[in-house]
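Commentary on secondary and tertiary structure
Residues per chain are reported as follows:
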Amino acid sequence: KRINDQSGNARHREQATIAKQPLWLTAIQNGLAVGRFDGTDDFDQSLANFGAQPITIIGAIKTSNAPPTQIQWDGVGAERCLMQHSGTLTQDVYSGTIVGAAHTAGAFHVYETFHNGASSAIYVDGVQLATGDAGSQGLSTGFTVGANYVGDGAASMDDGEVLICTGVLTSGQRASIANYLKAR
């Protein structure tokens, strides 16, 4: 299954193994479709070069609170810009070092991660959850949704949409994207 990149840059997400493809369900969130990841082995990825930090990743997703750690997104190989909901009920951002804070999942939220070395941060529905030095890794080798880059840490989640932007967005740009995603 292929999730087409709407930016025109041909950075499509794909999963060739049918059993590891998320289900495509219609009319789930605000009447729109989602990709449902089963928390066992579903994930998809793009092997495109999204570049070095700074990188902003924003997504409308619903994830489970169930342990163990569930990885919503990650890089590929040694280049990792990860967001996870850990078994200790924290939402974390990682680019070489974990930075996170307590968060209860279970409903659709707009998640934003800024991967920018010492100025990295994670926001949930526009509210800053944590900030700190998450490391310096980028996304030059690709991007994975639903698990880490080899399929471990699979998330039980619904993916409405995920956007990747080079650079750190202004608060106005973030608000504009968040408003778009809230309708997802």
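The structure contained in this document is the topic of the report that follows. Because the structure is a prediction, the values reported are computed rather than measured.

With respect to the pairing of strand β7 (residues 70-74)
Here β7 lies mainly inside the structure; 5 of its 5 residues are buried. The pairing of β7 with strand β8 (residues 82-85) spans 3 bridges and is classified as antiparallel. If you follow I71 over to β8, its bridge partner there is Q84. Taken together, the 2 bridges between β7 and strand β14 (residues 143-145) define a ladder with antiparallel strand orientation. Following the sheet pairing, D74 is matched in β14 by T144.

Re the nonpolar core
Of all hydrophobic cores here, the largest spans 24 residues; its most connected members are I57, W73, M83, Y111, L139, F143 and M157. For this core, the elements supplying multiple residues, two or more each, are β6 (55-63), β10 (98-102), β12 (120-124), β14 and β15 (156-166). In terms of residue count, the dominant contributor to this core is β6 (3 residues). For F143, the residues in contact, after removing those within four places along its chain, are D44, Q45, S46, F50, I57, W73, D74, G75, V76, V162 and I164.

About the cut-offs
Residues numbered from 1 in each chain as written. Predicted model: local features only at pLDDT ≥ 70, side-chain atom pairs only at ≥ 80, totals over all residues. Heavy atoms only, no water. Buried < 20%, exposed > 50% of the residue type's maximum accessible area, 1.4 Å probe, protein only. Helix = DSSP H or I, 4+ residues; strand = E, 2+ residues; numbered from the N terminus. Pairing = 2+ DSSP bridges. Core = buried A, V, L, I, M, F, W, Y, C linked by side-chain atoms within 4.5 Å. Contact = heavy atoms within 4.5 Å.

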